[in-house]
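Working through the structure, step by step
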Amino acid sequence: MRIAEISSPELRPSPPDKTDTYHRLIPKIESTIKQLEAQSASGKSSLGTTSAAAIELRQLVTQLTQFAPFPNSLVLQIWKLSYRLWNACVDISNTAAATIRSSASENHAELRHIAADFLSIAGDVSGVPSPAIKTASFYHKTGLIWHNLRRFDLASKCFERATDLLSKLDVSSISDAGERKLLLDLNLARSRTAWEIRDLNLAVALLNRSKSLLFGSCTHYIELAKQCMEFGKQSLSRSNEEEKESGYNGLGEALKLMNEALEVLEKGLCAARTREEKLELRGLRYKALRFIAAIHLQKEEFESVIKCVKVLRDSNDGGDDHPSISVLAMKAWLGLGRHGEAERELRGMVIDKGIPEGVWVSAVEAYFASAGTAGAETAKGVFLGLLGRCHVSASAAVRVAHRVAVNGGGEGGRVRAKVVAELVSDERVVALFAGKEADKDKVAMHAILWNCAADNFQSKDYETSAELFEKSMLYIPYDTENRILRAKGFRVLCLCYLGLMRLDRAQEYINEAEKLEPNVVCAFLKLTVAFICSSQFKIYLQKNDHQGAIAQIEAMTACLDFQPDFLSLSSHEAVACHALPVAVASLSSMLNLYTSGKSMPTTEVTVLRTLVTVLSQEPGNEQQVLKFLKHAHTRASDLGPDCFFGKEEVGRRERNWFAVTSWNLGSKTGKDKNYDLSAEFLRLASDFYALLEGSTENNIMVCKSLVLSVSSMVALEFQREAAMSENEVKRAVPLLERAGQMLKSITAGNSLSDDQDTIDPELFFIYTFCAYDIQGRLNDLGSQLLSVRSFANSKACKPHHLLQIGLYASQGVRSNHEVATFALNECLSSFLSSSTPDYQNVALVVRKLIAIASIHKGDTDDDLVYGMYKQAYRIMVGLKEDEYPVEEGKWLAMTAWNRAAVPVRLGQIELGKKWMTVGLDIAKHVSGMDAYKACMEDLLGTLEKKP
């Protein structure tokens with residue numbers, strides 16, 4: 001039924017006489033309550049009696065509701081009956097507390113609900129102070145019972161009704177401590193129920209509203225902080241599978257809630273008066289800080305962990321001495337690469353007996369894994385000290401040795417190899433491997449030491465190699481089965497000492513090998529070094545005629561005594577004479593010789609760099625420059641970056657030059673609107689930047705190059721007014737995949753210093769838009785959703801970004817309603833979690849979500865659309881007048897009401913009543929709809945009376 005039709009006079013029945021109805025209904029209510037009182041007095045609880053009483057009283061309440069308001073005398077009578085019913089329920093519950101069943105509990109909860117409804121329909125009564133608060137208290141207590149019975153729908157209904165009653169009061173005028181406590185308890189209870197039904201946005205919004213209900217009470221601060229912390233812990237406990245399926249960011253949400261708890265506790269400490277209050281608040285504050293530090297550690301935000309630890313330790317009251325603080329601090333310092341501070345934490349843990357042994361082993365292993373050469377000696381000493389105070393398994397020793405020995409090459413590797421040799425040869429460590437049960441661990445330890453020794457042998461560090469091979473022999477059993485393995489160990493030790501020219505030791509080991517396996521012949525592989533021969537330079541004078549000079553260069557390459565040095569000298573002379581075409585020809589001929597294996601006077605990368613520099617001096621050569629840049633990247637891929645560019649600082653500068661040159665040319669051609677070349681140059685720039693190691697700045701440039709390369713491809717489509725071909729789209733896909741991988745790597749990287757380069761949030765946003773666009777062209781709807789979810793879980797994401805993505809995804813030829821729904825839901829969550837929500841944007845998102853659900857799921861999932869209207873109603877409950885946009889509220893109320901028209905006409909009365917009820921509920925919270933509400937109530941009442 002539409003709003004325009006609800007005022008028809010023929011639909012309104014003539015009201016019955018109220019007085020007769022009162023005399024008929026009130027005695028029935030009182031009679032039923034007397035039966036319950038008699039049952040409570042007898043001490044015998046009957047499930048059938050309470051169930052029948054609940055059904056009968058609910059029917060009487062429904063009938064009585066139609067005749068409100070009541071005269072004051074009747075109101076007072078209803079109040080008395082309500083209190084009698086409530087007290088009877090309390091007595092029955094106390095009597096049957098030990099044996100009560102679930103069905104009986106629900107009956108008692110229903111009776112309490114009816115008692116609260118009696119007070120609600122009776123309204124205010126003269127002579128009773130604070131009637132609205134007493135009614136709300138009944139609903140609050142009933143809601144708690146429903147919540148404990150996990151009937152969250154009924155609990156939510158009770159809490160919302162209580163909130164409606166209290167929202168009409170002036171909170172500042174309430175002075176009674178119990179009444180103030182009720183306001184806070186009601187808000188927190190409603191928040192818990194919203195959390196249980198996974199309405200997380202509403203739950204967080206209600207926590208924020210609770211901040212205005214603390215009234216300076218220390219108890220209130222504690223209750224709110226505990227609730228925030230409880231929600232935070234529950235966010236952490238959600239499984240990885242659930243996060244993957246729903247896109248829920250458990251760590252981010254937990255951090256927000258723990259920070260909210262910390263803020264509340266800080267304010268509570270300022271309000272605390274007694275010593276006991278301060279102690280309790282301080283303990284909760286320490287606990288919240290530890291949780292925050294642990295969350296930051298999981299997110300690899302190590303600077304934030306250190307800040308939390310400093311706050312915990314540097315408090316004026318002496319600080320927190322919880323055992324976990326040292327572990328958190330050590331792991332954070334390791335993450336920041338500050339091994340000196342991590343070492344102090346590790347040494348300080350030695351005297352702390354409150355730290356469990358399992359945590360000890362894990363901490364030492366973590367320190368080994370991260371400390372590197374500088375801290376290996378310290379970690380070894382701490383681990384050996386740990387052996388004297390707790391039991392450590394052989395497998396733990398294997399793990400630690402592997403951490404120390406991994407990547408053992410170079411000068412630092414020699415130090416680490418020495419440490420691991422000392423560690424594994426300690427008698428206490430060797431004793432861990434005694435017995436048959438440690439055979440597998442013994443084999444693993446031998447393999448670790450052998451591999452580490454072999455690496456040092458290949459590096460010609462024979463002394464370190466010999467020491468490690470000797471230690472590995474400690475982990476080979478003295479039995480027949482391992483004779484060959486022991487012989488092999490002796491032979492390699494012989495080779496090590498031959499390399500050290502210690503012939504006596506070499507002879508000793510080869511003799512031992514021959515005793516175990518006399519028929520084996522050992523071979524020692526030697527590496528050969530080739531010498532680069534230089535030839536006499538022959539210089540050809542260049543002519544002013546460029547074509548003639550180029551012809552002479554070609555003739556020179558055919559001579560029998562030709563040497564590549566001739567081309568090198570020719571190119572230098574041509575550059576000095578500004579004969580650029582001759583220089584290009586000479587360098588190009590020289591470049592062709594590198595694949596022949598001839599000895600060259602200069603490196604290939606120098607020739608290519610010179611070619612690119614020469615060609616770049618004149619405009620119009622971009623195609624040739626691109627060809628040689630591509631050739632440079634191809635050769636680097638074939639030969640290996642270190643072989644092509646060079647090693648260490650020289651190689652880094654060469655890589656950087658090619659990367660910067662490609663980026664500059666890509667930027668220049670892009671500004672000149674030559675998008676085809678711009679896309680190619682930027683793609684090459686990403687490849688060259690990717691060859692630069694370890695720098696976050698370089699990783700960011702890779703991302704920028706990849707994203708802008710795809711942007712140039714899209715811009716080319718608009719320039720030529722023709723859609724991207726299928727091949728062009730396929731070329732763009734791997735570029736975006738690389739950009740996505742780099743973004744993940746950067747955002748997951750360690751924050752090593754305050755001035756570290758961080759990725760531009762707008763770049764992440766542009767990447768997400770490009771990825772969404774390209775994936776849409778491939779009709780890859782699942783990848784679109786994954787891209788937007790990844791962006792939503794990143795630090796770069798802002799609510800207005802999600803709003804733009806949601807609106808973009810909801811329209812156009814390649815719209816994706818799943819992406820639109822996800823982005824708008826995340827956006828709604830961010831807006832509602834703000835301390836001052838922008839309800840104008842909230843209303844916009846709610847309307848768009850309803851529209852999307854109506855279009856895509858309205859016919860198959862009516863409950864989903866209905867749930868969105870209910871969510872909008874819950875958001876409006878408790879808000880100040882006009883805080884939610886009035887026009888949007890009217891739209892919600894009228895569209896919800898109008899959705900009842902079709903079901904009513906089809907005879908689906910219950911479905912129609914459901915939509916009419918939610919429309920009426922929303923209308924009650926929108927100003928300017930009084931006339932509509934009256935008509936709605938009349939028509940809904942008429943519909944309920946129909947059989």
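Residues numbered from 1 in each chain as written. Predicted model: local features only at pLDDT ≥ 70, side-chain atom pairs only at ≥ 80, totals over all residues. Heavy atoms only, no water.

1. What about the overall build of the protein chain?
As a reminder, the rule being used: Helix and strand assignments come from DSSP, with helices taken as H or I runs of at least 4 residues and strands as E runs of at least 2, each series counted from the N terminus. Under the scheme applied here, a residue whose accessible area is under 20% of the maximum for its type counts as buried, over 50% as exposed, and between as partly exposed, the area being computed with a 1.4 Å probe on protein chains only. Between two residues, a contact is recorded if the distance between any of their heavy atoms is within 4.5 Å.
The number of helices and strands found in the protein chain is 44 helices and zero strands. Scored against the burial criterion, the 947 residues of the protein chain give a buried share of 47%. Across the protein chain, contacts joining residues at least 24 apart in sequence account for 67% of those joining residues at least 6 apart.

2. Observations concerning the packing of aromatic side chains
Aromatic ring pairs are reported here in terms of the distance separating the ring centres and the angle at which the planes meet. For clarity, the cut-off: Two rings from Phe, Tyr or Trp (for Trp, the six-membered ring) form a pair when their centres sit within 6.5 Å of each other. Planes less than 30 degrees apart are called stacked, planes more than 60 degrees apart edge-to-face, and all others tilted. We count a charge as sitting over a ring when the NZ of a lysine or the CZ of an arginine lies within 6 Å of the ring centre and within 35 degrees of the ring normal.
Counted according to the given criterion, the structure contains 23 aromatic pairs. Considering the side-chain rings of Tyr 83 and Phe 138, the 5.1 Å spacing of their centres and the 55 degrees angle between planes classify their relative orientation as tilted. Of this pair, Tyr 83 sits in helix H3 (residues 72–95) while Phe 138 sits in helix H5 (residues 131–148); the two residues are 55 residues apart in sequence, bridging distant segments of the chain. Residues Trp 195 and Phe 231 carry aromatic rings whose centres are separated by 4.2 Å and whose planes lie at 5 degrees to one another, so their mutual orientation is stacked. One end of the pair, Trp 195, is in helix H7 (residues 177–196); the other, Phe 231, is in helix H9 (residues 218–237), and 36 residues separate them in sequence. Among the residues examined, Phe 231 registers a relative accessible area of 2% and is labelled buried. Taken together through their ring pairs, the aromatic side chains of Phe 764, Phe 765, Tyr 767, Phe 769, Tyr 772, Phe 791 and Tyr 808 make up a single cluster. One cation-aromatic arrangement involves Lys 627 over Phe 628; the distance from NZ or CZ to the ring centre is 4.7 Å. Here the guanidinium or amino end of Arg 789 rests over the ring plane of Phe 822, the centre of that ring lying 5.3 Å away.

3. Some remarks on helix H28 (residues 604–616)
Test applied: The span you would expect from a helix comes to 1.5 Å times its residue count less one.
Compared with an ideal rise of 1.5 Å per residue, which puts 13 residues at 18 Å, H28 spans 18 Å between its outermost C-alpha atoms and is within 8% of the ideal. The complete set of buried residues in H28 reads Glu 604, Val 605, Val 607, Leu 608, Leu 611, Val 612, Val 614 and Leu 615. Buried residues in H28 make contact with helix H26 (564–576), helix H27 (580–591), helix H29 (622–639), helix H30 (641–645) and helix H31 (648–671).

4. Here we look at unusual backbone geometry
As a rule of thumb, non-glycine residues mostly have phi less than zero, and peptide bonds are mostly trans rather than cis. For Arg 150, which is not a glycine, the phi torsion comes out positive at approximately 65 degrees. Looking at the secondary structure, you find Arg 150 in the loop between H5 and helix H6 (152–167). Overall, Arg 150 belongs to the exposed group, its relative accessible area being 54%. A positive phi angle, near 65 degrees, is found at Arg 198, a position not held by glycine. Its place among the elements puts Arg 198 in the loop between H7 and helix H8 (200–210).

5. Points about the pattern of salt bridges
This is how the line gets drawn: A side-chain nitrogen of Lys or Arg and a carboxyl oxygen of Asp or Glu constitute a salt bridge if their distance falls within 4 Å.
On inspection of all chains with the given rule, the structure shows 41 salt bridges. The partner of Glu 30 in a salt bridge is Arg 84, and the shortest N-O contact between them spans 3.3 Å. Of this pair, Glu 30 sits in helix H1 (residues 18–42) while Arg 84 is found in helix H3, placing the two residues 54 residues apart along the sequence. Glu 30 sits in the partly exposed class, given a relative accessible area of 25%. A salt bridge links Arg 505 to Glu 470, with the shortest nitrogen-to-oxygen separation between them at 3.1 Å. With Arg 505 in helix H24 (residues 503–516) and Glu 470 in helix H22 (residues 462–472), this residue pair connects regions lying 35 residues apart in the sequence. Residue classification places Arg 505 among the partly exposed residues on the basis of a relative accessible area of 22%. For Glu 470, a relative accessible area of 24% puts it in the partly exposed group. Counted as one network, the salt bridges with shared partners bring together Lys 630, Glu 680, Arg 683, Asp 687 and Arg 738.

6. Quick notes on the packing of H7 against H8
The condition is simple: A fitted line through C-alpha atoms represents every axis, and for helices the fit uses only the stretch in contact; the resulting angles, taken between N-to-C directions, go from 0 to 180 degrees. Roughly parallel covers angles under 35 degrees, roughly antiparallel covers those over 145, roughly perpendicular covers 65 to 115, and oblique covers all other angles. Note on convention: the crossing is left-handed when the near helix lies turned anticlockwise from the far helix by less than a right angle, right-handed when the turn is clockwise. Ten residues, namely Ala, Val, Leu, Ile, Met, Phe, Trp, Tyr, Cys and Pro, are considered nonpolar, four, namely Asp, Glu, Lys and Arg, are considered charged, and the remaining ones, Gly among them, are considered polar.
Direction vectors running N to C along H7 and H8 enclose 165 degrees, while the axes themselves pass 7 Å from each other. Comparing the axis directions of H7 and H8 gives the class roughly antiparallel. The crossing of H7 and H8 is left-handed. Of the residues in H8, those touching H7 at Leu 184, Asn 187, Leu 188, Arg 190, Ser 191, Ala 194 and Trp 195 are Leu 200, Leu 202, Ala 203, Leu 206, Leu 207, Arg 209 and Ser 210. Classifying every residue of the contact of H7 with H8 by side-chain character gives nine nonpolar, three polar and two charged.

7. A few points about a negative patch on the surface
Note the cut-off: The patches reported here contain residues having more than 30% relative accessible area and no salt bridge. Joining distances are 9 Å for like charges and 5 Å for nonpolar side chains (Val, Leu, Ile, Met, Phe, Trp, Tyr). In this description, accessible areas are obtained by the Shrake-Rupley approach with a 1.4 Å probe, and a residue is regarded as covered only by the protein chains that are shown. Note that His is not counted, nor are the chain ends; the positive residues are Lys and Arg, and the negative ones are Asp and Glu. For this purpose, a charge sits on NZ of Lys, CZ of Arg, CG of Asp or CD of Glu.
A contiguous patch of negative charge on the surface is contributed by Glu 437, Asp 439, Asp 479 and Glu 481. Within the secondary structure, Asp 479 is located in the loop between H22 and helix H23 (483–499). A residue is classified by how much of its surface remains accessible, and Asp 479, at 32% relative accessible area, is partly exposed.

8. Let's talk about the environment of Asp 117
Structurally, the position occupied by Asp 117 is in helix H4 (residues 102–122). For Asp 117 and Arg 161, which are 44 residues apart along the polypeptide, the C-alpha to C-alpha distance reads 9.5 Å. Apart from the residues within four sequence positions on either side, Asp 117 is in contact with Arg 58, Val 61 and Tyr 139.

9. A look at the side chain of Ser 210
The condition is simple: Throughout this description, a polar contact denotes any pair of N or O atoms lying within 3.5 Å of each other; where both atoms belong to protein, one of them has to be capable of donating a hydrogen while the other can accept it, and for residues adjacent in sequence the pair is counted only when both atoms sit in side chains.
When you line up the elements, Ser 210 lands in helix H8. When its relative accessible area of 0% is taken as the criterion, Ser 210 is described as buried. Polar contacts involving the side chain of Ser 210 include one to the main-chain carbonyl oxygen of Leu 206, which spans 2.9 Å. Filtering out sequence-adjacent residues up to four positions away, Ser 210 remains in contact with Leu 184, Asn 187, Leu 188 and Leu 224.

10. Overview of the nonpolar core
Operational definition: To define a nonpolar core, start from buried Ala, Val, Leu, Ile, Met, Phe, Trp, Tyr and Cys residues and group those joined through side-chain atoms within 4.5 Å.
Judged by nonpolar contacts, the single largest core of 127 residues is most densely connected at Leu 629, Tyr 869, Tyr 884, Leu 892 and Ile 922. In contact with Tyr 869, other than residues within four places in its own chain, are Ile 850, Trp 891, Leu 892, Thr 895, Ala 896, Arg 899, Trp 915, Val 918 and Ile 922. Listed in part, the 59 residues of the second largest apolar core include Leu 224, Val 264, Leu 265 and Ala 332.

11. Some remarks on the environment of Ala 809
Considering the arrangement of structural elements, one finds Ala 809 in helix H37 (residues 799–809). A relative accessible area of 0% means that Ala 809 is categorised as buried. Counting along the chain gives 40 residues from Ala 809 to Phe 769, while the straight-line C-alpha distance between them is 9.9 Å. Not counting residues within four places of it along the chain, the set of residues in contact with Ala 809 comprises Tyr 772, Ser 815, Asn 816, His 817, Val 819 and Ala 820.

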